[in-house]
Number of protein chains: 2
Amino acid sequence: MARGSTRPTSRDVAQAAGVSQAAVSLVLGDKWRGRVSESTAERVREAARELGYRPNLAARNLRLGRTRTVLLVVPALTTEFFAGVYTGAARVAAQHGFGVVLYPSPEGVGPARDPFASAQAALDGVIASSMAADALTAIRGDQLPLVMLDSDPEGSLGAATVNLGIRDGVRQVADHLLELGHRHFLHLAADVPSWTFDVRARELAARLATVPGTTLRTTAAPISIDGARTAAVTALARPGPRPTALVCDDDKLAAGAYKAARRLGLRVPDDISITGLDDLALATALDPELTTVRLDAELFGERGMEALLAVLEGRTPAEGDIPVELVVRGSTGRPAS
Amino acid sequence: MARGSTRPTSRDVAQAAGVSQAAVSLVLGDKWRGRVSESTAERVREAARELGYRPNLAARNLRLGRTRTVLLVVPALTTEFFAGVYTGAARVAAQHGFGVVLYPSPEGVGPARDPFASAQAALDGVIASSMAADALTAIRGDQLPLVMLDSDPEGSLGAATVNLGIRDGVRQVADHLLELGHRHFLHLAADVPSWTFDVRARELAARLATVPGTTLRTTAAPISIDGARTAAVTALARPGPRPTALVCDDDKLAAGAYKAARRLGLRVPDDISITGLDDLALATALDPELTTVRLDAELFGERGMEALLAVLEGRTPAEGDIPVELVVRGSTGRPAS
DNA sequence: CGAGCGAAGTGTTACGTATAACGTCGCGGT
DNA sequence: ACCGCGACGTTATACGTAACACTTCGCTCG
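In this text, all values refer to a predicted model and were calculated from it rather than measured experimentally. (Residues numbered from 1 in each chain as written. Chains lettered and ligands numbered in written order. Predicted model: local features only at pLDDT ≥ 70, side-chain atom pairs only at ≥ 80, totals over all residues. Heavy atoms only, no water.)

Right, let's get into the overall build of chain A. Per the secondary structure count, chain A includes 12 helices and 11 strands. A total of 337 residues make up chain A; the buried ones form 53% of that total. Taking all contacts inside chain A whose residues are at least 6 apart in sequence as the whole, residues at least 24 apart take part in 71%. Approximately 14,800 Å² of chain A is accessible, and the part contributed by carbon and sulfur atoms is 51%. (Helix = DSSP H or I, 4+ residues; strand = E, 2+ residues; numbered from the N terminus. Buried < 20%, exposed > 50% of the residue type's maximum accessible area, 1.4 Å probe, protein only. Contact = heavy atoms within 4.5 Å. Areas by Shrake-Rupley, 256 points an atom, 1.4 Å probe, with all protein chains shown as cover.)

This is the structure we're talking about:
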């Protein structure tokens, strides 16, 4: 189905309205006050409507060297978390006349070298979360303004960063469990090399190290419910004193931990306390409901977009982590002494 | 942080290599066989590398009138289902040298009129799922080749459609429950006006109508776990014979149904059988695991992309629904007679 | 009465690329 | 001696838009 004849251009509209192309551009660009009479303006608008004229954005982008469009790169679409990030970013963007386009960073989908090769045509900047280093340098090579979400402020090659208060969240989880009397911990860690997960491990270890008599073991698992289940079953079956608290890197891993506990005949929270991180819908679908750390994904997206706008306008982005909140539900309790 | 000086153009590369801009275009476009000597070609490539040259895609798009980029519009990012759709579409696209960009159709994020206003600059076509009718006509107005996912073949204004075998899936669910002996059904329906949900309702009603003595009630709920819980609690508490089978429009609604059952003191599946549709990770995180219909999201995405490529090349897209599969787990059983 | 000014436009150019059309040069064939 | 041709490039142009610089004309003001 070929594109009919060919799309009408502003020149076609001009001819139909009996004016010059420049006049059409002025009218449709809303810059005609005092330059074109109301009657001619209306004639132009009418002609445009008649022909079904749509400006060719490739041409406009070329002319203006700017697109009012931004790319949001997300690690994967497997959780609703990034849906929230997108929503927040899109809201702020819309307020400033910007659009947001998503690019899930491919994992096994073609070479990682061309995340934007295709889209870059229409981009003013990039917001990226947990991105491979080579892709990162590719963007920097493109000189595209870049904001990193939840990334190492040191290693981000000078790009602006916006971070959640993950460290604070992990500390709150640790404090909560310590207060309940737990001393033997298992950390179910995400099997993904990323700063945001490194921080979780470091902070948990650091906090527990301040309390004498605590033990901490760690096991890594892929971020999937069944991967987590397998890893947790193995780790919990190991000899030695069984941990009474299972700290998971995110809610999905926690869901796997529930399955592991069921399989081993352990009751939550009587035999073992479980915590997550994210506060997804999944958290309240579990039985008992999951004690977790609520991350405000939308606020995260908003702050990311605001930072990018700041960079685009030559300002310095705001600093400071986004606060998080411990949500205590039924999956944590006192350990059986 | 301004863009350094300004990006190097092909002309800059030409000057550095001591050739014309046309030669640069030929070499970098890999069309130089028999037109440029190997040594000059190498000199051009070297200069391009040196300057860090990247072609301006806006200019290229303008020149070629084509972008090798495609937009995937998804209704929301709240489930992993569309992650699979994207993965499949991107895989096929990559094999054909195309890229895919995502656009979550905004719900309350700015006017619905500009889903692509921003991105359209760089698009050859659109794959869209459950799209509002006005946005649909907007695309058609843009003359952009369009493939609709899971949409009414009749009402799609002549656009190509690729559909899952939802009807077949619903019929399998109904058959399974009827076979177990259920006669009193509650349909927990998604509160979203969309063909894909209409079909579920129609097919379920049609199938049950063929068996004398069955009853079917319906209640609508927003697609969220807690929205579904509320709706299900209300519906199940209504007077009259309590349904023994609860058919949910998707897995997320089913998770809400579990919560409702817990709240009402009903055991699954002894007191009530529950079914979902999607087979998300959520399905096996529930206790007992959910009987549901597995949709092959990746295959769905692949078929969608293949259809769009067919349209772009003037071919006729393949026909036929994508098969689905009933997965029986622990959430369905015989009703207490 | 002429300078000046605002309204209402138009002519032209540039953005960076891809490619069709055009040169030039040396050499082999007749 | 001259034509033709392949190798190696270059020149020129168009894609559709936005915006700068300019023109024309009727009026007002000093």
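For Thr 210 of chain B, the location among the structural elements is in the loop between helix 8 (195-209) and strand 7 (215-221). There is a polar contact of 2.5 Å between the side chain of Thr 210 of chain B and the side chain of Arg 207 of chain B. (Polar contact = N/O pair within 3.5 Å; in protein donor to acceptor, adjacent residues only side chain to side chain.)

Here we take up helix 4 (residues 57-64) of chain B. For helix 4 of chain B, the set of buried residues is Leu 57, Ala 58 and Asn 61 of chain B. Taken around the axis of helix 4 of chain B, the buried residues stretch over an arc of 105 degrees, which confines them to a single face. Buried residues along helix 4 of chain B sit in contact with helix 4 (57-64) of chain A. Two to three positions downstream of the cap, the backbone nitrogen of Ala 58 of chain B sits 2.8 Å from a side-chain oxygen, assigning the N-cap of helix 4 of chain B to Asn 56 of chain B. At the exit of helix 4 of chain B stands Gly 65 of chain B, carrying a positive phi of roughly 65 degrees. (Arc of directions from axis to C-beta.)

This next bit is on the sheet that holds strand 8 (residues 245-248) of chain B. Residues and elements named next belong to chain B. Read from one edge of the open sheet, 4 strands run 7-6-8-9, paired in parallel fashion. Each edge of the open sheet carries a strand with a single partner, namely strand 7 and strand 9 (273-275). Strand-to-strand twist in this sheet, taken as the mean axis angle between neighbours without regard to direction, amounts to 20 degrees. Bridge count for strand 8 against strand 9 is 3 bridges, and the pairing is parallel. What sits directly across from Val 247, in strand 9, is Thr 275. Where helix 8 meets the sheet, it contacts strand 6 (184-190), strand 7 and strand 8, and its direction lies at approximately 170 degrees from that of strand 6. (Pairing = 2+ DSSP bridges. Axes fitted to C-alpha atoms, helices over the stretch in contact; angles between N-to-C directions.)

All names here are of chain B. Here strand 4 (residues 146-149) shows no split at all, with Leu 146 and Met 148 on one side and Val 147 and Leu 149 on the other all buried. In the sheet, strand 3 (residues 125-129) pairs with strand 4 via 4 bridges, with the strands oriented parallel. Bridging across to strand 4, Ser 129 finds its partner in Leu 149. Both strand 4 and strand 5 (residues 160-162) contribute to a ladder of 3 bridges, which runs parallel. Residue pairing in the sheet places Leu 149 in a bridge with Val 162 of strand 5.

Taken together, 27 residues are adjacent to DNA strand C, and Ser 37 and Thr 40 of chain A together with Ser 10, Tyr 53 and Arg 63 of chain B come closest. In DNA strand C, atoms within 4 Å of the protein come from the sugar-phosphate backbone in 59% of cases. One of the backbone N or O atoms of Ser 10 of chain B is found 2.5 Å from a phosphate oxygen in DNA strand C. Backbone polar atom of Asn 56 of chain B to a phosphate oxygen of DNA strand C: 3.2 Å apart, as the coordinates give it. Mapped by element, the contributors of at least two residues to the surface near DNA strand C are helix 2 (21-28) and helix 4 of chain A together with helix 1 (10-17), helix 2 (21-28) and helix 4 of chain B. The element best represented in the surface near DNA strand C is helix 4 of chain B, accounting for 4 residues. Class assignment for the residues of the surface near DNA strand C results in 10 nonpolar, 10 polar and 7 charged. (Near = heavy atom within 4 Å. Nonpolar A, V, L, I, M, F, W, Y, C, P; charged D, E, K, R; others polar.)

Right, let's talk about the packing of helix 4 of chain A against helix 4 of chain B for a bit. Where helix 4 of chain A meets helix 4 of chain B, the axes come as close as 8 Å, and the angle between the chain directions of the two elements is 140 degrees. When the interaxial angle is binned, helix 4 of chain A and helix 4 of chain B end up oblique. The element helix 4 of chain A and its partner helix 4 of chain B pack so that their crossing is left-handed. Listed contacts from helix 4 of chain B to Ala 58, Ala 59, Asn 61 and Leu 62 of chain A of helix 4 of chain A are Ala 58, Ala 59, Asn 61 and Leu 62 of chain B. (Parallel < 35°, antiparallel > 145°, perpendicular 65-115°, else oblique. Left-handed = near helix turned anticlockwise from the far one by under 90°.)

Okay, the sheet that holds strand 8 (residues 245-248) of chain A next. Residue and element names in this part refer to chain A. The 4 strands lie next to each other as 7-6-8-9, forming an open sheet whose pairing is parallel. Each end of this open sheet is capped by a strand with a single partner; those strands are strand 7 (215-221) and strand 9 (273-275). The sheet shows a mean angle of 20 degrees between the axes of neighbouring strands, direction not considered. This element, helix 8 (residues 195-209), spans strand 6 (184-190), strand 7 and strand 8 of the sheet and lies at about 170 degrees to strand 6.

Before going further, it helps to examine helix 2 of chain A. Residue and element names in this part refer to chain A. All buried positions along helix 2 are accounted for by Ala 23, Val 24 and Val 27. The buried side chains of helix 2 occupy one side of the element, clustering within an arc of 100 degrees when seen end-on. Looking at the packing, one finds that the buried side of helix 2 touches helix 1 (10-17) and helix 3 (38-51). Remark: Asp 30 follows helix 2 within two positions and exhibits a positive phi of approximately 60 degrees.

Here we come to the protein's contact with DNA strand D. Of all residues adjacent to DNA strand D, which total 26 residues, the nearest are Ser 10, Tyr 53 and Arg 63 of chain A together with Ser 37 and Thr 40 of chain B. Contact between DNA strand D and Ser 10 of chain A: a phosphate oxygen at 2.5 Å from a main-chain N or O atom of the residue. Here a phosphate oxygen of DNA strand D and a side-chain polar atom of Ser 25 of chain A are 3.0 Å apart. Of all the elements in the fold, those that place two or more residues in the surface near DNA strand D are helix 1, helix 2 and helix 4 of chain A together with helix 2 and helix 4 of chain B. No other element matches helix 4 of chain A, which puts 4 residues into the surface near DNA strand D. A class-by-class count of the residues in the surface near DNA strand D yields 10 nonpolar, 9 polar and 7 charged.

Turning our eyes to something else, we now look at the side chain of Ser 331 of chain A. Residues and elements named next belong to chain A. Mapped onto the secondary structure, Ser 331 falls in the segment after strand 11 (325-327). In this structure Ser 331 comes out as buried when scored by relative accessible area, which is 0%. For Ser 331, the side chain forms a polar contact with the main-chain oxygen of Ile 274, separated by 2.6 Å. When neighbours within four sequence positions are excluded, Ser 331 is seen to be in contact with Tyr 258, Val 268, Pro 269, Ile 272, Ser 273, Ile 274, Pro 288, Glu 289, Leu 290 and Thr 291.

Turning our eyes to something else, we now look at the pattern of salt bridges. For the structure on display, the rule yields 35 salt bridges over all chains. Linking Asp 270 of chain A and Arg 267 of chain A is a salt bridge whose minimum nitrogen-to-oxygen distance equals 3.7 Å. Assessed through its relative accessible area of 39%, Asp 270 of chain A is described here as partly exposed. Its relative accessible area of 52% is what places Arg 267 of chain A among the exposed residues. As a salt-bridge pair, Arg 329 of chain B and Glu 289 of chain B come within 3.9 Å of each other at their nearest N and O atoms. One end of the pair, Arg 329 of chain B, is in the segment after strand 11 (325-327); the other, Glu 289 of chain B, is in the loop between helix 11 (281-285) and strand 10 (292-294), and 40 residues separate them in sequence. A single network of salt bridges, built from pairs that share partners, joins Asp 279, Glu 289, Arg 294, Glu 325 and Arg 329 of chain A together with Asp 226, Arg 229 and Lys 259 of chain B. (Salt bridge = Lys/Arg side-chain N within 4 Å of Asp/Glu carboxyl O.)

The analysis is restricted to geometry; functional conclusions fall outside its scope.
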